[in-house]
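This is what each chain is made of:
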Amino acid sequence: MRLLIGLFLVIFAAPAFAQDVTRTIEPVTGDVYLMRNDFHNSLLVATSEGVVRIDPINAEAGMWLNANLGEIGQEKVSHLIYSHSHGDHGSGGGAHEGAVVIAHEDAPDAIDGVTPDLRVGDAHSMTVGGKTIEITNLGAGHDNHMLVTIVRPENVAFIVDVAAPKRLPFRDFAGSDIGGWFKQIEAAQALDFEVFAPGHGAIGNKSDLDDAHTYMVDLQAAVLDGLKAGKSVEQLKSEVTMDAYKDWGQYDAWRGENIEGMARYLKTSGQAE
């Protein structure tokens, strides 16, 4: 009886689980593609040596990709680069056994059980199968070992979590140094690229990074003015509408939490009481 129940659960639960996640491979430009795993993205670079992948997301995403690499005329992931080690981007790297694993020198010794083969500093460039892969550390902010990867000759930058085209930052900036976050965006602005492929959201261009920085500046100014005027965070959530950004992704869901997080930063940093 237990065996029959177990079989029933496997048969009916597995398809339901599989239907919970939407995965696609989307062309960006040239030999560069974006793998979408619901709301998380992974960059794929097709080369003569195999696929350079940035961020594994999770094990299921990796196994799905291995089974679908034929869509881009490839058979294996030859290199795996971690943008950073947060679990929603850095889990499941073991799905690409045999790949050269690359992470920043300040990343953990192992990321979800995977030990990097190559640790890079603030800047690193390498050639893989005819493509130039440039890796740059943005410094501390959203994380203390955040890497941007630029692919040439396509001039595509893969930037994760620090910014996304026309999309609000995630919730209340939990666990992040917002002052450092500003500097991370500014470091990314100084890089040479054309196409902005994000860790979340839609593909854009470099000007979207400028817009993301402007949003942060506007948010900080509005919240700081309100706090100095003696307003509560709840009042600010009602009054700081950030109307110029109402068409951005996650505006309705995260605007209030963005205000909460910015207010917390301004208070703890001594800029407001």
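In this text, all values refer to a predicted model and were calculated from it rather than measured experimentally.

**Student:** What's the story with the pattern of salt bridges in this structure? I'm lost.
**Tutor:** Opposite charge on two side chains allows them to pair when their charged atoms are near. Scanning the model with the defined rule gives 11 salt bridges in all. For Arg 152, the salt bridge is made with Glu 134, and the minimal N-O distance between the two is 3.0 Å. Here the residue Arg 152 occupies a position in strand β10 (residues 147-152), and Glu 134 occupies one in strand β9 (residues 131-137), the gap between them amounting to 18 residues. Under the relative-accessibility criterion, Glu 134 is labelled partly exposed at 24%. For Lys 231, the salt bridge goes to Glu 239, with nearest N and O atoms at 2.7 Å. Residues joined by salt bridges that share partners form a network here, namely Asp 31, Lys 131 and Glu 154.

**Student:** Looking at this model, I keep getting lost on the sheet that holds strand β8 (residues 123-128). Mind explaining?
**Tutor:** Remark on secondary structure: sheet strands pair via backbone hydrogen bonds, oriented parallel or antiparallel. Taken together, the six strands give an open sheet; going across it, the order is β8-β9-β10-β11-β12-β13, and neighbouring strands pair in mixed fashion. Across the chains shown, the open sheet's two edge strands, defined by having one partner strand only, are β8 and β13 (204-205). Here strand β11 (residues 156-159) runs beside strand β12 (residues 195-198); their pairing, made up of four bridges, is parallel. Its bridge partner being in β12, Val 156 is matched across the sheet by Val 195.

**Student:** Looking at this structure, I do not really get the layout of surface pockets. What am I missing?
**Tutor:** In this approach, a probe sized like a water molecule rolls over the atoms, and the result shows the empty space that is left. Estimated volume of the largest pocket: approximately 420 Å³. Lining the largest pocket are 27 residues, and of these Asp 161, Arg 167, Pro 169, Phe 170 and His 200 lie nearest its centre. Those elements that place two or more of their residues in the lining of the largest pocket are α4 (178-189) and α5 (206-228). The biggest single contributor to the lining of the largest pocket is α5, with three residues. Residues of the lining of the largest pocket, tallied by class, amount to 16 nonpolar, six polar and five charged.

**Student:** So what exactly am I meant to see when it comes to the packing of α4 against α5 here?
**Tutor:** Think of two packed helices as two axes; the pair is described by the angle between the axes and how far apart they sit. Look at α4 against α5: their axes get within 10 Å of each other, and the N-to-C directions meet at 155°. The orientation of α4 relative to α5 falls into the category roughly antiparallel. Of the two elements, α4 crosses α5, and the hand of that crossing is left-handed. Touching Ile 178, Trp 181, Phe 182, Ile 185, Glu 186, Ala 188 and Gln 189 of α4 are Lys 206, Leu 209, Asp 210, Ala 212, His 213, Met 216, Val 217 and Gln 220, all from α5. The residue makeup of the contact of α4 with α5, split by class, is nine nonpolar, three polar and three charged.

**Student:** Looking at this structure, I do not really get the confidence of the model for the protein. What am I missing?
**Tutor:** Reading fine detail from the predicted coordinates is not recommended where pLDDT is low. Confidence along the protein averages 93 in pLDDT terms, with 93% of residues attaining 70 or more. In the model, residues 1-18 has pLDDT below 50 throughout and makes four contacts with residues more than four positions away in sequence or in other chains.

**Student:** Can you walk me through the sheet that holds strand β6 (residues 100-104) in this structure?
**Tutor:** Strand order in the open sheet formed by seven strands is β1-β2-β3-β4-β5-β6-β7, and the pairing between neighbours is mixed. Each of the sheet's edge strands pairs with one partner strand only, and the pair in question is β1 (23-29) and β7 (118-120). The sheet shows a mean angle of 25° between the axes of neighbouring strands, taken without regard to direction. Looking at chain direction, strand β4 (residues 50-54) and strand β5 (residues 77-81) are connected through four bridges and run parallel. Bridging from a neighbouring strand, Arg 53 pairs with Leu 80 of β5. Here helix α2 (residues 59-68) sits on the sheet in contact with β1, β2 (32-37), β3 (40-47), β4 and β5, set at roughly 65° to β1.

Analysis parameters
- Residues numbered from 1 in each chain as written.
- Predicted model: local features only at pLDDT ≥ 70, side-chain atom pairs only at ≥ 80, totals over all residues.
- Heavy atoms only, no water.
- Salt bridge = Lys/Arg side-chain N within 4 Å of Asp/Glu carboxyl O.
- Helix = DSSP H or I, 4+ residues; strand = E, 2+ residues; numbered from the N terminus.
- Buried < 20%, exposed > 50% of the residue type's maximum accessible area, 1.4 Å probe, protein only.
- Pairing = 2+ DSSP bridges.
- 1 Å grid on protein atoms, 1.4 Å probe; cavity = no way out; pocket = protein on both sides within 12 Å on 5 of 7 lines; lining within 4 Å.
- Points joined across faces, edges and corners; volume = space filled by probe spheres on them.
- Nonpolar A, V, L, I, M, F, W, Y, C, P; charged D, E, K, R; others polar.
- Axes fitted to C-alpha atoms, helices over the stretch in contact; angles between N-to-C directions.
- Parallel < 35°, antiparallel > 145°, perpendicular 65-115°, else oblique.
- Left-handed = near helix turned anticlockwise from the far one by under 90°.
- Contact = heavy atoms within 4.5 Å.
- pLDDT = per-residue confidence, 0-100.

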